[in-house]
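# Working through the structure, step by step
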Amino acid sequence: MARSTRRRSGKTQKTPDPAGATDDDSQSQPAQEEQEARKEDDDKCPACKDEQGQGEQLAADKEQWVRCDACKTWFHWRCVGEGGDLDAIGKWFCRPCLDADPARMITMKPPARKSARKKTQRDYAGLNAGQEADPSRFLRMMEGRVIKRDSFRRMKGSEVGVEWLENDESAMKEPIVVEAEEGLGMKMPPQGFTVADVVEAVGEDYPVEVIDVATQSNTPNWTLGKWLEYWQTEPSKRDKIRNVISLEISGTPLADQVLPPRIVRELDWVEKFWPNTKKGRGHNYPKVQLYCLMGVGGAWTDWHIDFAGSSVYYHILSGAKVFYFIRPTPANLAAYERWSGTEVQNHSWLGDMCDEVFKVELKTGNTMIIPTGWIHAVYTPADTLVFGGNFLHSYNVPTQIRVREIEIATHVPKKFRFPHFSRRVSNFSLLDQANIRCRLCWYAGEKYLRDLKAKEEFSPRVLESVEVLAEFLVAESRTIERGSDPAKRQAKEEVPGDRIKDGPALARELRWRVRHAAGYSSDDDSRSSRRTKSAVNGEANGVGNKRKRIAMDCSEDSLELFRNFKRPSWDRVEEHPTVKESRTMRVRRPNSKSQDWVKEWVDGSGGAEVGDGDEAHVERKRDVIVKVRKTAKGLERQRVERMLEEWTWNGGPSSAGSPSLSVHAPMASEDPPAPVATKGEPMDQDAGTLGADPPAPSTSNAGGVNGVAPGGAVE
């Protein structure tokens, strides 16, 4: 028997010659028609009953054919095969040949030989990548390493709430363990719930991603039914150690038995900001809050940070887990970025590159909340069933953004990132090597803008996070406005048109409002060190003091009058040598019994020489700095004088308890007072401008008013 996958033979179409055919053409035409007829017969299947079958064949791009071993005629396998497998046929005869010779029989190929002996499966992909196909290698890496017992807080379920977040600065900055679920406000399946119950609730044919622990890679083509068979196999007979960590159960009957802790529902961005009309069946929205994790004894999940810096709640329904944690300090995150996705990852212990590693042991009934950005690895000492989920919140957006950067830098596959969080990199931080997409962030920004307009007040931690969120949205807006055409198109698609009509305007207004709510004194276009943050009336971040003027004491280099404005530099700055002066005068002593002496010495009258005063010795030090520069109208000169006086009274009758006094005049402002604008003459925005050198200042002391001679005024 011969079998083949043959394409149709194309018919040769003759194009008539408009000038008329020659005699040779006329003679060759019957031969060509005969050849075309023969080709057409070759493409016909004798078993096709009518033109319908031939039409189907002509519509097909490829067709399976089989040849009779007797008459050598070709047939469509779909016409004569009766649904059988062509590859399993040994010898094949058509029906007329079988009827002509009853001794002929259609035979099948013998089955491939299989050994009953169990073979060791080798992971050639892992070997090629230099990975050792031994799941225990991760535990061997820990041998001899210093691992500290954790000092994380153990809390009662009733203590974990928004009040805890608002009143405790360390809240959601370190993992916490809740040993009993009472008071957490969550719902979990009952004790005795097993993996078999999971499969029954979700369905045996439900696809599931299974991790091969030895290589930390996915194993394809697994269903929950196949996983249940593996789970129920005796541990000694399991071919490999496997793990399930990403079975999302939203929309399944099992989801009705699981409710996250109350604090998760109160903080989760998807719960708070994603429109309810765009959730549920038929809608594409982030589904990361309900996961079922099933790990067998000996399973290991290598070092990782949960996607997009999301926080995690983790409840042990049965079994046990051992967590290893590394703090998300800038140095540790940088070490993780160097380690992740490189050759170093296969044969090195990340803890050696970080400052310290903590160990947490969890048992049945324990719940743990892992904050944003914590690097962790997980060991499963026994078969364990866990329910948990991920959530983004407004208490640590900067770290969420930093983790997103690491995901991009280490090429984390898109399916392991937070859905609808981002898809592209920008020069601001969050951010897939082509474009950033953040529909969830736009929804969050739109809601916070409405709240700020309504004068809602937020804690300093939330304001800091909203400011970073606003910066991210402004970066997206710049892509919409100034990016390449593909980037613009992609960025616009991520702005939810059902809520936001003008994304760039929303982003910039949000940034402006959150800065004013937080007490910032500058409205410059980017986050920079020039912006100064002040507390108003002793209240951190200026909460409750929106839009109030803030008195600033800034240097010339740090204070900008207008956005993108820079003062011209000085052509020359000269410091005169320090001048020291010592003299003896008759001056009244300060009366310590009254506070009137303070005012006298501040306004200058306290240093006036009087005939009935006590003899006093005064030491003066005078420093002078002169700056000059050319301007469009002439030149500008600035003279700054600083004087320090130390007064000491000699012996004699004392009317005060203090024998000495220091008067210190600090450096005057480097900015001269702005000139008064006259009609028809614009005011210089920088400083007073002189057409010629101003008159020299007087150098007389005049009683030392404020400890500075009148000549020390700024010119």
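Residues numbered from 1 in each chain as written. Predicted model: local features only at pLDDT ≥ 70, side-chain atom pairs only at ≥ 80, totals over all residues. Heavy atoms only, no water.

## Things to note about the overall build of the protein
Let me state the cut-off plainly: For the purposes of this entry, the term helix denotes a DSSP run of H or I that reaches at least four residues, the term strand denotes a run of E that reaches at least two, and both are numbered from the N terminus. Burial classification: accessible surface area is computed with a 1.4 Å probe over protein chains only, and a residue below 20% of its type maximum counts as buried, one above 50% as exposed, and the rest as partly exposed. To be clear on the numbers: accessible area is Shrake-Rupley with a 1.4 Å probe, and residue cover counts the displayed protein chains and nothing else.
When helices and strands are counted, the protein shows 18 helices and 22 strands. The buried share of the protein, taken over its 715 residues, is 43%. Carbon and sulfur atoms make up 49% of the accessible area of the protein, which amounts to about 38600 Å² in all.

## Structural notes on the sheet that holds strand β12 (residues 311-318)
The condition that has to hold: Think of it this way: DSSP has to see at least two bridges between two strands before they count as a pair. To obtain an axis, a line is fitted to C-alpha atoms, over the contacting stretch when the element is a helix, and the angle between two such axes runs from 0 to 180 degrees between their N-to-C directions. By definition in these notes, contact holds between two residues if any of their heavy atoms fall within 4.5 Å.
The strand order across the open sheet built from nine strands is β5-β6-β15-β12-β17-β10-β9-β7-β8, with neighbouring strands paired in mixed fashion. The open sheet has two edge strands with one neighbour each: β5 (153-155) and β8 (217-219). Averaged over all neighbouring strand pairs, the angle between strand axes comes to 25°, with direction disregarded. Sheet topology places β12 next to strand β17 (residues 384-391); seven bridges connect them, and they run antiparallel. Bridging across to β17, I316 finds its partner in V386. Helix α8 (residues 195-202) rests against β9 (242-248), β10 (291-295) and β17 of the sheet, and its axis sits at about 140° to β10. Lying on the sheet, helix α9 (residues 224-232) is in contact with β7 (210-212), β9, β10 and β17; it crosses β9 at an angle near 145°.

## Describing the pairing of β9
Across the seven residues of β9, five count as buried, placing the element largely inside the fold. Looking at chain direction, β7 and β9 are connected through two bridges and run antiparallel. Pairing of I211 across the sheet is with N243, part of β9. Inspection of the sheet shows β9 paired to β10 by four bridges, in the antiparallel sense. Bridge pairing in β10 links L247 to C292.

## Quick word on the state of the cysteines
Note the following rule: Only a pair of cysteine sulfur atoms within 2.5 Å qualifies as a disulfide here.
Across all of its chains, the model carries zero disulfides by this definition. Free cysteine: C71, not disulfide-bonded; nearest cysteine sulfur from C68 at 3.7 Å. The exposure class assigned to C71 is partly exposed, which follows from its relative accessible area of 35%. Between C79, a cysteine without a disulfide, and C48, which holds the nearest cysteine sulfur, the sulfur-to-sulfur distance is 3.7 Å.

## Here's the deal with the packing of helix α14 (residues 439-453) against helix α15 (residues 460-482)
Quick note on the threshold: The scheme is simple: roughly parallel for angles under 35 degrees, roughly antiparallel for over 145, roughly perpendicular for 65 to 115, oblique for anything else. By the definition used in this description, the sense in which the near helix is turned from the far one sets the handedness, with an anticlockwise turn below a right angle giving left-handed and a clockwise turn giving right-handed. Only Asp, Glu, Lys and Arg are considered charged, only Ala, Val, Leu, Ile, Met, Phe, Trp, Tyr, Cys and Pro nonpolar, and every remaining residue, Gly among them, polar.
Here α14 crosses α15 at 120°, and the two axes come no closer than 10 Å. Compared by their axis directions, α14 and α15 come out oblique. Remark: the crossing between α14 and α15 carries left-handed chirality. Contacts from C441, W442, A444, G445 and Y448 in α14 reach V462, V466, L469, F472, L473, E476 and S477 in α15. Broken down by class, the residue content of the contact of α14 with α15 amounts to nine nonpolar, two polar and one charged.

## Topic: helix α16 (residues 485-494)
Our working definition: Taking the helix axis as origin, the arc is that swept by the directions to the C-beta atoms.
Taken together, the buried positions of α16 are occupied by A487, A491 and E494. All buried residues of α16 lie within an arc of 55° about the axis, which places them on one face of the element. Residues of α16 that are exposed and point over 90 degrees away from its buried face: D485, K492 and E493. Packed against the buried residues of α16 are α14 and α15.

## With respect to the packing of α14 against helix α17 (residues 503-517)
Closest axis-to-axis distance for the α14/α17 pair is 9 Å, and the angle between their directions is 50°. One way to sum up the angle between α14 and α17 is to call them oblique. You can see that α14 and α17 cross each other, and the crossing is left-handed. Listed contacts from α17 to W442, G445, E446, Y448, L449, L452 and K453 of α14 are G503, L506, A507, E509, L510, R513, V514 and A517. Residue composition of the contact of α14 with α17, grouped by class: nine nonpolar, two polar and four charged.

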